[in-house]
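Chain by chain, the residues:
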Number of protein chains: 2
Amino acid sequence: MRNIKLTIEYDGRRYLGWQRLGDSDKTIQGKIEGVLKQILEEDEIEIIGSGRTDAGAHARGQVANFKTENEMSLAKMTELLNRYLPRDIIAKKVEEVPDRFHARYNAKAKKYSYYVWDNMIPSAFEGFHSFYYPEDLDMEKMQQACQKLIGTHDFIGFSSLKKSKKSTVRTIDEISIDREGDLLHFTFVGEGFLYNMVRIMMGTILEIGAGKLPLSAIDEVFAKKVRADAGMTVPAQGLFLDEVYYN
Amino acid sequence: MRNIKLTIEYDGRRYLGWQRLGDSDKTIQGKIEGVLKQILEEDEIEIIGSGRTDAGAHARGQVANFKTENEMSLAKMTELLNRYLPRDIIAKKVEEVPDRFHARYNAKAKKYSYYVWDNMIPSAFEGFHSFYYPEDLDMEKMQQACQKLIGTHDFIGFSSLKKSKKSTVRTIDEISIDREGDLLHFTFVGEGFLYNMVRIMMGTILEIGAGKLPLSAIDEVFAKKVRADAGMTVPAQGLFLDEVYYN
């Protein structure tokens, strides 16, 4: 059996997220599996993603792997994938990897971007790829919020998990903010993220920047672990999975 | 009666083009008229665009005007337009102009952009905003083709018009090419363009760049005025109306 690693880019606006739901072909996973079955002439192919992405969220570098006995060349596989996939899902790289490679278990860290459009006049082109939040944002306060979030903490209060038997302690290595015209570009790098964690951290940073939450709200959420003390869950449309890191 | 000038941005991928078709609300004009009637409480409003744009083509600066007796402030009108328009159609500017201003008759020149994606691996994000044409393009030949097209010529052979009672002589002031990563960005500025003229000039420049047409094809089309001697009509999805110039 060959083990094939895919690096995938997708515009999530038309899809219900990464994870296949029954036979739905409104998911990224479902679309890719459908095309792989067809071009590799296999009855069943299951691809393993590095993790889920939400309905409407995007990826520049989602990673997945699958097993096949088909001997098709990697170049041919790339060509056929991109010929038959819809044009908002692209196989950027197709590689053969050792049998033990597992896209989810072996992922060491991930990088996400989140985009905020803060001009009063919205954008026709960025509307499905950013969050329209035309507030007067205090950059310095947002930088301070990022510094408070970086490091190793129990992030359960910054997630949509009710309870968890597994550890909810995570380490965030980097959060940065860049302005690109009317877009604010936030980058998050960490070893792992809980359910909705980037979107809730992001909502908290924004509400602190807009003066709707005090900076101390972050300490509060770490101390009391109460989701309601954090900021809003910002919409998925501004979220991009940029890169998955492996050893 | 007040005369209101709109500067409009739209992502055309979901629409049948600018011009209203009966009661269809799959056109940009139809969408905007529908919202204006609602917010200004008028039975009939007709907006006059600077010109049509094709199904699937985009605009960063389409201009239109309409008459109304409603005394609503321009700020309020902007706010309500952007609240009720779909998020891929944006009113960027709303101004009051002299009664004689006519968005079509007074337009002195237009600027268009066309984007070509020439990397073998397509883009999930640019797929509806560029033409995927992964050929080995000779930049120098394309520059020469642009130089040949600039100036005053009878462009009927570069249009989809069969015949025309009106003059088909036009002046092109500028055609330029810039590379932006994997995108080639072509800019066209001229006093006016015939039906499909940008898309056919663009197809001709690309086929010359790819070695599928000789540079002399352009002289041929000017001399013999035969559409079939020019290049393909490239798809509308790569076309943007950037700006309309008035005195």
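Residues numbered from 1 in each chain as written. Chains lettered and ligands numbered in written order. Predicted model: local features only at pLDDT ≥ 70, side-chain atom pairs only at ≥ 80, totals over all residues. Heavy atoms only, no water.

(A) Representation of the relation of the copies chain A and chain B in the model. With an axial shift of 0.0 Å and an RMSD of 0.0 Å, the rotation relating chain A to chain B amounts to 180°. A rotation of that kind, with that shift, is consistent with a two-fold axis. Among all residues of chain A, the minimum C-alpha distance to the rotation axis is found for A:Phe125, at 5.3 Å. An overlap of 100% is found between the interface residues of chain A and their copies at the interface of chain B, pointing to a shared contact surface. (Least-squares fit on C-alpha atoms with pLDDT ≥ 70 in both. Contact = heavy atoms within 4.5 Å.)

(B) Representation of the UniProt feature "active site" (unreviewed entry) in chain A. According to UniProt, the positions carrying the feature "active site" (unreviewed entry) are A:Asp54. With respect to the secondary-structure elements, A:Asp54 resides in the loop between strand E2 (48-49) and strand E3 (58-68). (UniProt positions renumbered as here; feature names shortened; annotations may be inferred. Helix = DSSP H or I, 4+ residues; strand = E, 2+ residues; numbered from the N terminus.)

(C) Representation of the interface of chain A and chain B in the model. If you look at the interface, chain A gives 26 residues, while chain B gives 26 residues. Counting the surface lost from both chain A and chain B, the interface buries some 1,900 Å², and carbon and sulfur atoms represent 63% of this. In terms of surface lost to chain B, no three residues of chain A exceed A:Arg87, A:Ala124 and A:Phe125, which account for 36% of the buried area on that side. At the junction of chain A and chain B, the tally comes to zero salt bridges. Where the side of chain A that touches chain B is concerned, the elements lending two or more residues are strand E1 (2-10), E3, helix H2 (74-84) and strand E4 (89-97) of chain A. Broken down by element, the side of chain A that touches chain B gets its largest block of residues, four residues, from E4(A). For the side of chain A that touches chain B, a count of residues per class yields 11 nonpolar, seven polar and eight charged. (Buried area = accessible area lost by both parts, 1.4 Å probe. Salt bridge = Lys/Arg side-chain N within 4 Å of Asp/Glu carboxyl O. Nonpolar A, V, L, I, M, F, W, Y, C, P; charged D, E, K, R; others polar.)

(D) Just the domain arrangement of chain A, in detail. All names here are of chain A. Looking at chain A, the domain boundaries give domain 1 (2-97) and domain 2 (109-245). Computed over C-alpha atoms only, the centres of domain 1 and domain 2 are separated by 28 Å. Facing the 15 residues of domain 1 at the interface are 16 residues of domain 2. Carbon and sulfur atoms supply 49% of the area buried between domain 1 and domain 2, which totals about 1,200 Å² over both sides. Interface area lost by domain 1 to domain 2 is led by Asp54, His58 and Arg60, which between them contribute 48%. The interface formed by domain 1 and domain 2 holds two salt bridges in total. Note that Arg199 is salt-bridged to Asp54, the shortest N-O span being 2.8 Å. For the pair domain 1 and domain 2, the interface holds 12 residue pairs in polar contact (both at pLDDT 80 or more). (Domains from an automatic or database assignment. Polar contact = N/O pair within 3.5 Å; in protein donor to acceptor, adjacent residues only side chain to side chain.)

(E) Region of the structure containing the pattern of salt bridges. In this structure the tally under the stated criterion is 26 salt bridges over all chains. As a salt-bridge pair, A:Glu135 and A:Lys212 come within 3.4 Å of each other at their nearest N and O atoms. Here A:Glu135 is found in the loop between strand E6 (131-132) and helix H3 (139-149), whereas its partner A:Lys212 is found in the loop between helix H4 (197-209) and helix H5 (217-224), with 77 residues between them in sequence. Overall, the relative accessible area of 30% leaves A:Glu135 in the partly exposed class. By relative accessible area, which is 48% here, A:Lys212 ends up partly exposed. Between B:Arg2 and B:Glu96 there is a salt bridge; the shortest N-O distance is 3.1 Å. Of this pair, B:Arg2 sits in strand E1 (residues 2-10) while B:Glu96 sits in strand E4 (residues 89-97), and the two are 94 residues apart along the sequence. Note on B:Arg2: relative accessible area 14%, which makes it buried. A residue is classified by how much of its surface remains accessible, and B:Glu96, at 43% relative accessible area, is partly exposed. (Buried < 20%, exposed > 50% of the residue type's maximum accessible area, 1.4 Å probe, protein only.)

(F) Representation of the pairing of strand E8 (residues 169-180) of chain B. All names here are of chain B. Looking at chain direction, strand E7 (residues 151-154) and E8 are connected through four bridges and run antiparallel. Note on E8: the bridge partner recorded for Gly151 is Ile172. In terms of strand pairing, E8 meets strand E9 (residues 183-190) through eight bridges, oriented antiparallel. From the neighbouring strand, Arg179 faces E9, where its bridge partner is Leu184. From the end of E8 to the start of E9, which pair antiparallel, there are two residues, and Gly181 there has a positive phi angle of about 65°. (Pairing = 2+ DSSP bridges.)

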